[in-house]
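An overview of the molecular structure
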Amino acid sequence: MAKWGEGDPRWIVEERPDATNNGLDCKVTEVEKVEGEASANNRKGKLIFFYEWDIKLKWEGRLAGGNDMVKGEVHIPNLSEENDVSEVDMTVTIKGSGEEAQRLKAFMHNVGKAEIRKQLEEYVRSLKQEFSKGLILPKKGETTVKPDSVSTITSGFNKKVNMEPVVSAEKKQVGCKLDTKTIELSETFQCRADEFYNAMTRIEMVTAFTQGHVKMDAEKGGKFALFGGNVTGEFKELVPGKKIVQYWRYKQWPEQHFSEVTFNIEEKDDHTLVKLKQDLVPTSERSFDHCIHSRLIRYNS
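What counts and what doesn't
Residues numbered from 1 in each chain as written. Predicted model: local features only at pLDDT ≥ 70, side-chain atom pairs only at ≥ 80, totals over all residues. Heavy atoms only, no water. UniProt positions renumbered as here; feature names shortened; annotations may be inferred. Salt bridge = Lys/Arg side-chain N within 4 Å of Asp/Glu carboxyl O. Helix = DSSP H or I, 4+ residues; strand = E, 2+ residues; numbered from the N terminus. Buried < 20%, exposed > 50% of the residue type's maximum accessible area, 1.4 Å probe, protein only. Contact = heavy atoms within 4.5 Å. pLDDT = per-residue confidence, 0-100. Pairing = 2+ DSSP bridges. Axes fitted to C-alpha atoms, helices over the stretch in contact; angles between N-to-C directions. Phe/Tyr/Trp six-rings, centres within 6.5 Å; stacked < 30°, edge-to-face > 60°. Lys NZ or Arg CZ within 6 Å of the ring centre and 35° of its normal. Core = buried A, V, L, I, M, F, W, Y, C linked by side-chain atoms within 4.5 Å. Parallel < 35°, antiparallel > 145°, perpendicular 65-115°, else oblique. Nonpolar A, V, L, I, M, F, W, Y, C, P; charged D, E, K, R; others polar.

The chain is annotated in an unreviewed UniProt entry as Activator of Hsp90 ATPase AHSA1-like N-terminal domain-containing protein of Iphiclides podalirius. As its UniProt record puts it under Sequence similarities (unreviewed entry), the chain is described as follows: "Belongs to the AHA1 family."

Listed below in structure tokens is the structure:
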């Protein structure tokens, strides 16, 4: 993958033989900031990539025969899979003033940005070719697996999940006795334990599954809100690749009532077993029975 830093010739915008750049020479000298994350996962044999980066670069340039070195920055605030590299915003700034500085800034804006976009395209290519390896877990006794034969935790991402509350004419009473029940089920997944764990705790993967806005702070005591705020809760316990415990409520439930959901995750030789237990589910919510039973199934369909 292309390097971002001093001395890498791929980041140098040099004088062209046809002299169309009029003896200007600029180069990126430092990656000042790279913040964000990227992931690759499998959806029924199709590889899906999520990346979102905020990048700041330092650059410097000089006119041919000039004595003064002009320095500046390039800010790329939204490198993500939502936009083509050619559409990514890129702001060029300089430190200094004067005619030479403005000419170099214009050169970086018109020519330098094109060179930087080439490196961003190289990053995306590398992400897709290099970082997607090992996403498909072979079954026991197999050395390779055909993508069409694999079902993973992300395979349900192409399904719109409806969690709008059912409107009822019956008024809820506050402070009354509430009958509850416990729901238990288990599902097997053709993925590794940490991949399932990530699918339940990484915001970009949860967003892809729910196909809606997600708020999530995956740490003990961290809050989450899904499906337009119809599902809210808090993380009570997190053991990476092993266990997730949440306080979890549906908007239609009585005020301030939360259930407790526990995911026990156990990786086997050729699959991962997930056992779900949800305590304190209101018995009166008949429409919720199908919803929670299908929750894991949707991940695994």
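From this point, the narrative continues.
1. Focus: the pattern of salt bridges
Overall, the coordinates contain nine salt bridges when judged by the stated rule. Close ionic contact of Lys33 with Asp54 constitutes a salt bridge, the shortest N to O distance being 3.3 Å. Residue Lys33 is found in strand 2 (residues 24-43), and its partner Asp54 is found in strand 3 (residues 46-63); the two are separated by 21 residues along the sequence. Of the charged contacts in the structure, one is a salt bridge between Lys268 and Glu266, with a shortest N-O distance of 2.8 Å. By relative accessible area, Lys268 is classed as partly exposed at 32%.

2. A word on helix 2 (residues 193-201)
Counting buried positions over the nine residues of helix 2 gives seven, a clear majority of the element. Turning to helix 2, its buried residues are Ala193, Glu195, Phe196, Tyr197, Ala199, Met200 and Thr201.

3. Description of the side chain of Thr262
Tracing the backbone shows Thr262 in strand 11 (residues 259-267). You can call Thr262 buried: its relative accessible area is 16%. In contact with Thr262, not counting residues within four places along its chain, are Lys243, Ile244, Val245, Lys275, Leu276 and Lys277.

4. Comments concerning the confidence of the model for the chain
Residues at a pLDDT of 70 or more form 69% of the chain, whose mean pLDDT is 75. In this model, residues 136-140 is a region of pLDDT below 50 whose contacts with residues beyond four sequence positions or in other chains number 18 contacts. Low pLDDT, under 50, characterises residues 166-175; the stretch is placed with seven contacts to residues that sit more than four places away or in other chains.

5. Some remarks on the sheet that holds strand 8 (residues 223-226)
The antiparallel open sheet is built from seven strands, whose spatial order is 6-12-11-10-9-8-7. Taken across any chain shown, the strands that pair with only one partner, and hence form the sheet edges, are strand 6 (180-189) and strand 7 (215-216). Pairing analysis gives eight bridges linking strand 11 to strand 12 (residues 272-282), with the strands arranged antiparallel. Opposite Thr262, over in strand 12, you have Lys277 as the bridge partner. On top of the sheet, helix 2 reaches strand 6, strand 7, strand 9 (231-239), strand 10 (243-250), strand 11 and strand 12; it is set at about 155 degrees to strand 11, its chief contact.

6. With respect to the environment of Glu121
Along the chain, the position of Glu121 falls in helix 1 (residues 99-130). Residue class for Glu121 comes out partly exposed when judged on its relative accessible area of 44%. In this structure the C-alpha to C-alpha distance between Glu121 and Ser86, which are 35 residues apart in sequence, comes to 9.0 Å.

7. Some details on the packing of aromatic side chains
In this structure the tally under the stated criterion is six aromatic pairs. The interplanar angle of 45 degrees and the centroid separation of 5.0 Å between the aromatic rings of Phe189 and Phe196 together place this pair among those described as tilted. Through a chain of ring-to-ring contacts, the aromatic side chains of Tyr51, Trp53 and Tyr123 assemble into a single cluster. Sitting over the face of the ring of Phe258, Arg249 holds its NZ or CZ atom 5.6 Å from the ring centroid.

8. As for the pairing of strand 8
Inspection of the sheet shows strand 7 paired to strand 8 by two bridges, in the antiparallel sense. Bridge assignment links Lys215 to a residue of strand 8, and that residue is Ala225. Inspection of the sheet shows strand 8 paired to strand 9 by four bridges, in the antiparallel sense. Bridging from a neighbouring strand, Lys223 pairs with Glu234 of strand 9. Hairpin connection between strand 8 and strand 9: a loop of four residues separates the two successive antiparallel strands, and Phe227 in this loop has a positive phi of roughly 55 degrees.

9. A closer look at the nonpolar core
Membership of the largest hydrophobic core comes to 28 residues, with the highest contact counts inside it found for Trp59, Val74, Ile76, Leu79, Ile116 and Leu120. Element by element, the count of residues in this core is highest for helix 1, at nine residues. Leave out the neighbours within four places in its chain, and Leu79 touches Tyr51, Glu52, Trp53, Ile55, Val88, Leu120 and Tyr123. Phe196, Met216, Leu226 and Phe263 belong to the second largest nonpolar core, which has 26 residues in total.

10. Describing the packing of helix 2 against helix 3 (residues 203-210)
Angle between the axes and distance between the axes: these two values describe a pair of packed helices. Here helix 2 crosses helix 3 at 75 degrees, and the two axes come no closer than 5 Å. Judged by the angle between their axes, helix 2 and helix 3 are roughly perpendicular. For the pair formed by helix 2 and helix 3, the contact residues are Asn198, Ala199, Met200 and Thr201 on the first element and Ile203, Met205 and Val206 on the second. Here the contact of helix 2 with helix 3 is built from residues that sort into five nonpolar, two polar and no charged.

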